[in-house]
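# Structural overview
Now for the letters of each chain:
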Amino acid sequence: MGVLQSLRTAFEMLRLHKLRAFLTMLGVIIGVMSVTIIVMISSGFQYFMTNEFKKLGSDTIIIGYDNWGGETEKVASIDGLTMDDVAYLMGRVSALDIAAPIVQVPAQKVVREDREITNPRIFASDENFAELNRINLTEGRKITQADVRSRANVCIIGEEIRDRLFPDKQWVGKLVSFKGISLEVVGIFERLDMMGETNAKDVLLPLTTAQDKWIGGENLMMITTRPKPGIKVDDAMDAVWQALMLKSGNKRIYRVDSRESILNVFGKVFGVAGVVLAGIAALSLLVGGIGIMNIMLVSVTERTKEIGLRKALGAKRRAILTQFMVEAATLSLIGGLIGMALAFGLGQLVTMGTAAAKWPSAEGLPTPFPLAAGIASAVFSACIGVVFGLYPAISASRLDPIVALRRE
């Protein structure tokens with residue numbers, strides 16, 4: 001009996017014993033479906049994180065001052081980041097393109113006439129802030145170098161602040177007030193949502209205005225920068241770190257990171273979690289394999305006379321072995337294909353459901369079907385069928401034809 005004839009026989013046995021075949025395949029179906037859907041969701045989160053970081057620019061390098069102790073060795077002459085550090089880095093590290101110092105003003109309410117918002121995020125920076133953070137404006141203009149030099153009392157606000165303080169949309173040239181300062185609104189941020197945060201309630205003003213006219217002090221919360229075109233982020237980070245170590249006398253008082261490296265960490269976490277969960281889910285494939293072995297042993301017992309008759313008519317042990325192994329592999333492969341189809345359908349439901357709930361973003365969570373992983377799961381399920389069907393097939397091929405024909 002050839003392989004094609006064995007396949008025809010296998011499908012005939014499936015047709016004759018539909019319910020038994022389905023119950024036998026159930027373990028394989030659940031296993032393949034679980035592995036595939038876990039890979040889909042893991043890939044979806046990685047895709048989501050990549051897109052989220054691209055919104056702000058994954059090549060942005062973030063420099064902070066580490067004053068938490070531990071391994072940190074403080075330097076008496078250095079007590080935080082200042083504009084001198086910005087000038088130092090831009091003058092010494094040729095790999096850097098532009099930089100933006102950032103200060104976050106302590107939370108306080110913003111007021112216009114009888115309207116107020118109690119919890120806006122207030123940042124002070126320079127003309128490079130918007131470009132480094134991929135921020136666009138829907139109306140008005142950005143903070144300019146002239147604003148920074150002249151310490152202008154101007155600001156850019158988010159869409160939610162505009163809608164609540166200026167319901168008539170007539171914000172041009174109008175003032176908003178904070179405790180200690182009033183600022184003229186010159187632009188509106190384009191709304192940007194990322195990982196549950198939004199810039200719709202943000203306020204941005206010139207750094208010099210905040211430091212000289214409002215909060216005082218010279219220290220910065222962080223410095224953001226990026227490498228020049230053609231230079232890798234890691235190479236630029238290494239150059240920044242070396243320059244800072246030179247400045248501090250090799251004392252670890254600075255932190256240098258990038259959105260790209262943070263994204264890589266998230267990618268590794270999701271990848272490892274996906275592999276572990278997929279491995280756990282794959283255990284159900286072993287359960288399915290045991291079910292296939294059991295049903296194939298039952299099939300050998302039921303078809304003992306058939307086996308004896310075929311061997312009496314000249315069938316070789318190899319032909320009997322091939323027949324039962326093909327039947328086991330077919331049973332397992334069909335279960336794997338059904339599992340893939342169910343995983344694809346569930347993935348579509350997850351995508352539509354998260355899009356309707358607008359979680360974790362307005363577009364939902366994409367779950368692209370991992371064709372390679374699906375095919376690998378289906379092939380693995382077929383291999384499971386072959387492995388667990390091997391013993392029943394060997395048992396069938398070793399039956400003595402005389403004994404088999406005499407068995408009731």
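Quantities reported herein were computed from a predicted structural model and do not represent experimental measurements.

Turning our attention to the overall build of the protein. Looking only at helices and strands, the protein features 13 helices and 14 strands. Compactness check: the protein gives a C-alpha radius of gyration of 33 Å against a globular reference of 22 Å for 408 residues, more than 25% above the reference. The C-alpha extent of the protein, read off along each of the three principal axes, is 105 × 55 × 35 Å. By the burial criterion, 46% of the 408 residues in the protein qualify as buried. Relative to all contacts within the protein whose residues are 6 or more apart in sequence, the contacts with residues 24 or more apart total 78%. Approximately 20700 Å² of the protein is accessible, and the part contributed by carbon and sulfur atoms is 60%.

Side chains of strand S14 (residues 254–258) alternate between two faces, with Tyr254, Val256 and Ser258 buried and Arg255 and Asp257 left unburied. Note: strand S1 (residues 61–65) against S14, five bridges, orientation antiparallel. Bridging from a neighbouring strand, Ile61 pairs with Ser258 of S14.

On to the environment of Met83. The residue Met83 is located in helix H3 (residues 83–92) in this model. Met83 gets classed as partly exposed once you look at its relative accessible area, which sits at 37%. Not counting the four nearest positions on each side in its chain, Met83 is found in contact with Pro101, Leu207 and Leu220.

Turning our eyes to something else, we now look at the pattern of salt bridges. For the coordinates displayed, the defined rule picks out 13 salt bridges. For the salt bridge of Asp59 with Arg134, the shortest nitrogen-to-oxygen distance reads 3.1 Å. Here Arg134 lies in the loop between helix H4 (129–132) and strand S6 (137–140) and Asp59 lies in the loop between helix H2 (18–56) and S1, a separation of 75 residues in the sequence. Note on Arg134: relative accessible area 33%, which makes it partly exposed. Residue Arg164 pairs with Glu160 through a salt bridge whose shortest N-O separation is 3.2 Å. Residue Arg164 and its partner Glu160 are both found in helix H6 (residues 159–165); the two are separated by four residues, about one turn of the helix. Taking the relative accessible area as the measure of exposure, Arg164 reaches 40% and is therefore partly exposed.

Attention now goes to unusual backbone geometry. The phi torsion at Glu113 lies on the positive side, around 55°, for a residue other than glycine. Mapped onto the elements, Glu113 comes out in the loop between strand S3 (110–112) and strand S4 (115–117). Even without glycine at this site, Arg151 takes up a positive phi of about 55°.

You can see Asp126 is positioned in the loop between strand S5 (121–125) and H4. Filtering out sequence-adjacent residues up to four positions away, Asp126 remains in contact with Ala99, Ala100, Pro101, Ile143 and Val148. Among the polar contacts listed, one links the side chain of Asp126 to the backbone nitrogen of Asn128, at a separation of 3.0 Å.

Here the focus is a nonpolar patch on the surface. Judged by side-chain polarity, Val272, Val276, Leu277, Ile280, Leu283 and Leu286 come together as a nonpolar surface patch covering roughly 540 Å² of accessible area. Its location among the elements puts Val276 in helix H9 (residues 259–302). Judged by relative accessible area, Val276 falls into the partly exposed class, the value being 46%.

The rules behind each value
Residues numbered from 1 in each chain as written. Predicted model: local features only at pLDDT ≥ 70, side-chain atom pairs only at ≥ 80, totals over all residues. Heavy atoms only, no water. Helix = DSSP H or I, 4+ residues; strand = E, 2+ residues; numbered from the N terminus. Rg over C-alpha atoms; globule rule 2.2 N^0.38 Å. Buried < 20%, exposed > 50% of the residue type's maximum accessible area, 1.4 Å probe, protein only. Contact = heavy atoms within 4.5 Å. Areas by Shrake-Rupley, 256 points an atom, 1.4 Å probe, with all protein chains shown as cover. Pairing = 2+ DSSP bridges. Salt bridge = Lys/Arg side-chain N within 4 Å of Asp/Glu carboxyl O. Polar contact = N/O pair within 3.5 Å; in protein donor to acceptor, adjacent residues only side chain to side chain. Patch = residues over 30% accessible without salt bridge, like charges linked within 9 Å, V, L, I, M, F, W, Y side chains within 5 Å.

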